[in-house]
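Secondary and tertiary structure notes
Here is how the chains run, residue by residue.
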Amino acid sequence: MNTVTLKANGALFTDGNPVDAEPLHCLSFKVLLEAEVTVRSLFAMLERYPLLTRLNAFFPTYLEQYRQAPSNGCRCDDFKHIEFIKTVEMVGFPGEPRLEIYSSLKGVGESEPREIRNYELEQLLDMPLKLGRLKHIVFGDKVDQFEFATVFNLFEFIDGVVWELSFHGTLRACALRR
């Protein structure tokens, strides 16, 4: 399987070579994250490869918030890193069974992973970002929940992280109190 590596500075590399200004051919590649990658690295990648910003309607709003944020120190102490995970859930039994596949972002620390939807982007930009495992849930039964190693492609990673961020905190444009 072809792989693409995201560097901490937002650069993409495949086979040890930097990806040029046209990264679309890498969207189906397995994504790997350099150890120092943070949420900020994702936005640096979007600035480096502006064509990728056309993949999701939330990108312009979040890029503006990213550009207005301080250049460092955008962290919270409530968890050690943020993890991007994939869930495959069998639901609807009894009745019409179906399979739902979705991604999520969780704050990971000493205890159970936690939701990060109450955090603003400025609190998350410098948090380490890691790829997690696949969680398989059988008909909502926590006993029949399994975790597996998995692969994320570059498109799933880019679109999934920003999609999840769109539910976290409050977009400035939508804030009622401001």
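Keep in mind that this is a model prediction, so the values were computed, not measured. (Residues numbered from 1 in each chain as written. Predicted model: local features only at pLDDT ≥ 70, side-chain atom pairs only at ≥ 80, totals over all residues. Heavy atoms only, no water.)

With that out of the way, let us pick up the overall build of the chain. Summing up its helical and strand segments, the chain has three helices and eight strands in all. For the chain, the N- to C-terminal ordering of α and β elements is β-β-β-β-α-α-β-β-β-β-α. For 178 residues, the compact-globule estimate of 2.2 N^0.38 gives 16 Å, and the chain sits close to it at 17 Å. Seen through its principal axes, the chain has C-alpha atoms that stretch 50 × 45 × 30 Å. Considering the chain as a whole, with its 178 residues, one finds that 44% of them fall into the buried category. (Helix = DSSP H or I, 4+ residues; strand = E, 2+ residues; numbered from the N terminus. Rg over C-alpha atoms; globule rule 2.2 N^0.38 Å. Buried < 20%, exposed > 50% of the residue type's maximum accessible area, 1.4 Å probe, protein only.)

Quick look at the pairing of strand β6 (residues 98–108) now. Pairing geometry for strand β5 (residues 81–91) and β6, over 11 bridges, is antiparallel. Paired with Val-91 across the strands is Arg-98, a residue of β6. What sits between the antiparallel neighbours β5 and β6 is a turn of six residues, in which Gly-92 has the positive phi angle 90°. (Pairing = 2+ DSSP bridges.)

A word on the sheet that holds strand β3 (residues 17–18). The strand order across the open sheet built from four strands is β3-β2-β1-β4, with neighbouring strands paired in mixed fashion. Edge positions in the sheet fall to β3 and β4 (30–33), since each of these pairs with one other strand and no more. Sheet topology note: the strand β1 (residues 3–6)/strand β2 (residues 12–14) ladder contains two bridges and is antiparallel. From the neighbouring strand, Thr-5 faces β2, where its bridge partner is Phe-13.

This paragraph deals with the pattern of salt bridges. Scanning the entire structure with this criterion turns up nine salt bridges. Where Arg-98 meets Glu-100, a salt bridge forms, and the shortest distance between an N and an O atom there is 2.9 Å. Arg-98 sits in the partly exposed class, given a relative accessible area of 47%. On the basis of relative accessible area, Glu-100 is assigned to the partly exposed category, the value being 29%. Each member of the salt-bridge network shares a partner with another, and the members are Lys-106, Glu-115 and Arg-117. (Salt bridge = Lys/Arg side-chain N within 4 Å of Asp/Glu carboxyl O.)

Quick look at the pairing of β1 now. Bridge count between β1 and β4: four bridges; the pairing is parallel. Bridging across to β4, Thr-3 finds its partner in Lys-30. Between β1 and β2, which pair antiparallel and follow one another directly, the connecting turn spans five residues, one of which, Gly-10, has a positive phi of 95°.

What follows concerns unusual backbone geometry. Despite not being glycine, Asp-15 has its phi angle at roughly 55°, a positive value. Secondary-structure assignment places Asp-15 in the loop between β2 and β3.

We now examine helix α3 (residues 154–165). The periodicity of an α-helix, 3.6 residues per turn, causes residues three or four positions apart to be oriented the same way. The terminal C-alpha atoms of α3 lie 17 Å apart, and with 12 residues this matches the ideal 16 Å at 1.5 Å per residue to within 8%. Among the 12 residues that make up α3, nine are buried, leaving the element largely enclosed by the rest of the structure. Turning to α3, its buried residues are Leu-154, Phe-157, Ile-158, Asp-159, Gly-160, Val-161, Val-162, Glu-164 and Leu-165. Capping of α3 at its N-terminal end is provided by Asn-153; its side-chain oxygen lies 3.1 Å from the backbone amide nitrogen of Phe-155. (Expected span 1.5 Å × (residues − 1). Polar contact = N/O pair within 3.5 Å; in protein donor to acceptor, adjacent residues only side chain to side chain.)

Counting 44 residues, the largest nonpolar core has Phe-43, Met-45, Ile-82, Leu-154, Phe-157, Ile-158 and Leu-165 as its most contacted members. Those elements that place two or more of their residues in this core are β1, β4, α1 (39–48), α2 (59–68), β5 and α3. Aside from chain neighbours lying at most four places away, what touches Leu-165 is Val-39, Phe-43, Tyr-62, Leu-105, Leu-121 and Leu-124. (Core = buried A, V, L, I, M, F, W, Y, C linked by side-chain atoms within 4.5 Å. Contact = heavy atoms within 4.5 Å.)

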